[in-house]
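Report on the structure
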Amino acid sequence: TGAWSEEICGPYYIFVDAGYTVTVCSVAGGDIPIDAGSLSDNFITENDKRMQSEGSAPLKGTPKLASMDPTTFDAFFFAGGHGTCVDFPTDAVGAFVTEAVAADKVVAAVCH
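None of the values given here were measured: they were computed from a predicted structure.

**Overview of helix α4 (residues 91-102)**
- The terminal C-alpha atoms of α4, which comprises twelve residues, lie 16 Å apart, in line with the 16 Å expected from a rise of 1.5 Å per residue.
- As for α4, its buried residues are in contact with β1 (75-78), α3 (84-87) and β2 (106-109).
- Once α4 finishes, D104 follows within two positions and takes phi at roughly 60 degrees, a positive value.

**Here's the deal with the nonpolar core**
- Formed by A3, I8, C9, Y12, Y13, V24, I32, M51, L59 and A79, the largest nonpolar core amounts to ten residues.
- A total of four residues in this core trace back to one element, the largest contributor, which is helix α1 (residues 5-17).
- One finds L65, F78, F96 and A100 within the second-largest nonpolar core, a separate group that totals seven residues.

**Regarding the packing of aromatic side chains**
- Applying the stated criterion across every chain yields a total of six aromatic pairs.
- Taken together, a centroid distance of 5.0 Å and an interplanar angle of 80 degrees make the contact between Y12 and Y13 edge-to-face. The burial state of Y12 is the same as that of Y13; both residues are buried.
- Here the aromatic rings of F15 and F77 are separated by 5.9 Å at their centres, their planes lie at 75 degrees, and the arrangement is edge-to-face. Here F15 is found in helix α1, whereas its partner F77 is found in strand β1, with 62 residues between them in sequence.

How each quantity is defined
- Residues numbered from 1 in each chain as written.
- Predicted model: local features only at pLDDT ≥ 70, side-chain atom pairs only at ≥ 80, totals over all residues.
- Heavy atoms only, no water.
- Helix = DSSP H or I, 4+ residues; strand = E, 2+ residues; numbered from the N terminus.
- Expected span 1.5 Å × (residues − 1).
- Contact = heavy atoms within 4.5 Å.
- Core = buried A, V, L, I, M, F, W, Y, C linked by side-chain atoms within 4.5 Å.
- Buried < 20%, exposed > 50% of the residue type's maximum accessible area, 1.4 Å probe, protein only.
- Phe/Tyr/Trp six-rings, centres within 6.5 Å; stacked < 30°, edge-to-face > 60°.

So this is what it looks like as structure tokens:
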């Protein structure tokens, strides 16, 4: 099903526009699938349109979450959508979050 576009794009641009360096990764690595419904006329946002106008580059070819070292980042934001019901509850994600919390990192999530 994929991620809900605004739940990635909105926070992404809030962080980037505030001057933060943002690394986008995904559970499986590679291109992040986006729920097509989130880009319909009823739901598409200015942030979604901005990401599309930039070729959705931050969402393509992402590194795999398990390959990241949580101690080298300040915070983690897990963006939601219907795909989180399947993608996030895994041993790899649990281990990553456990390590991040143990390292006193900020961990946050959103899902509609």
